[in-house]
Amino acid sequence: MPPKPDILAAFEAAKGFMPVDEGLALHAAAREAGRLGLPLLEVGTYCGRSTILLADAARESGTVAVTVDHHRGSEEQQPGWEYHDPSVVDETPGVGRMDTLPTFRRTLYRAGLEEHVVAVVGRSPQVAKVWGTPVGLVFIDGGHTDEHATADYEGWAPHLAPEGLLVIHDVFPDPADGGQAPYRVYRRALASGAFTEVSVTRSLRVLRRTGLGI
Ligand SMILES: C[S@@+](CC[C@H](N)C(=O)[O-])C[C@H]1O[C@@H](n2cnc3c(N)ncnc32)[C@H](O)[C@@H]1O
């Protein structure tokens, strides 16, 4: 079942980078993974656009969405780069850095989903290191360099429960379409033998954990 119209409207109104067709695929994966009754984990909150979909699925399953971000933006979102948005810069004198946390909080509040989300402000590898509970879904949409995407995979994939879903965004087999780090992580996951592909929706890949050796 796709998200109800109010959730879809909140998703479409939210700042962020995910197109609707990929969002619907993420929502479907989150609903399926929610049946495991475990938290649904996202790396890369930004302003909460994709979080809305995970939170809606978590609400349906009686679990929770956990979303991790340092809220300082990825490399390509910094001033002067392609995806920079000046409206999410903290203009406080002496700060002047990106801060997507206030916008994220407004997004969730407006969507009526605050109580279904645990927001963790921090660096993904550090959070993964202290994390101690299996999760039903890992959605990797954080930093898109090899360093960050690899650390997200190595940090979070081991926390994925058997039959849990690994979702990777911005997988571009053709370098002309985008950066290659998420694609390399996707190839690595498949090559490990621990994952089986479930679906492909444009740049969104859904894999199921069917084996052990990540
Ligand atoms: C592409 S955006 C996420 C988009 C979001 N999922 C959406 O649908 O709109 C990537 C986010 O990852 C965050 N990020 C990048 N590297 C990170 C890291 N190492 N730890 C935590 N967050 C990180 C950035 O701050 C940024 O908000």
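Residues numbered from 1 in each chain as written. Predicted model: local features only at pLDDT ≥ 70, side-chain atom pairs only at ≥ 80, totals over all residues. Heavy atoms only, no water.

The protein carries the name Class I SAM-dependent methyltransferase in an unreviewed UniProt entry, which gives Streptomyces cinnamoneus as its organism.

1. Quick notes on the environment of Phe 172
Checked against the element boundaries, Phe 172 lands in the loop between strand 5 (160-168) and helix 7 (181-191). The class of Phe 172 is partly exposed, set by a relative accessible area of 21%. Between the C-alpha atoms of Phe 172 and Ala 29, which are 143 residues apart in sequence, the distance is 20 Å. Look past the residues within four positions of Phe 172 in its chain and what remains in contact with it is Asp 177, Gly 178, Gly 179, Gln 180, Tyr 183 and Ser 203. (Helix = DSSP H or I, 4+ residues; strand = E, 2+ residues; numbered from the N terminus. Buried < 20%, exposed > 50% of the residue type's maximum accessible area, 1.4 Å probe, protein only. Contact = heavy atoms within 4.5 Å.)

2. Quick word on the packing of aromatic side chains
Considering all chains together, one arrives at five aromatic pairs under this definition. When the ring of Phe 17 is compared with that of Tyr 46, the centres are 4.7 Å apart and the planes differ by 45 degrees; the resulting orientation is tilted. One end of the pair, Phe 17, is in the loop between helix 1 (5-13) and helix 2 (20-34); the other, Tyr 46, is in the loop between strand 1 (40-43) and helix 3 (49-61), and 29 residues separate them in sequence. Taking the relative accessible area as the measure of exposure, Phe 17 reaches 40% and is therefore partly exposed. (Phe/Tyr/Trp six-rings, centres within 6.5 Å; stacked < 30°, edge-to-face > 60°.)

3. Re the environment of Asp 170
Inspection of the secondary structure assignment puts Asp 170 in the loop between strand 5 and helix 7. As a C-alpha pair, Asp 170 and Thr 145 span 25 residues in sequence and 12 Å in three-dimensional space. Among the polar contacts made by the side chain of Asp 170, one reaches the side chain of His 144 at a distance of 2.6 Å. (Polar contact = N/O pair within 3.5 Å; in protein donor to acceptor, adjacent residues only side chain to side chain.)

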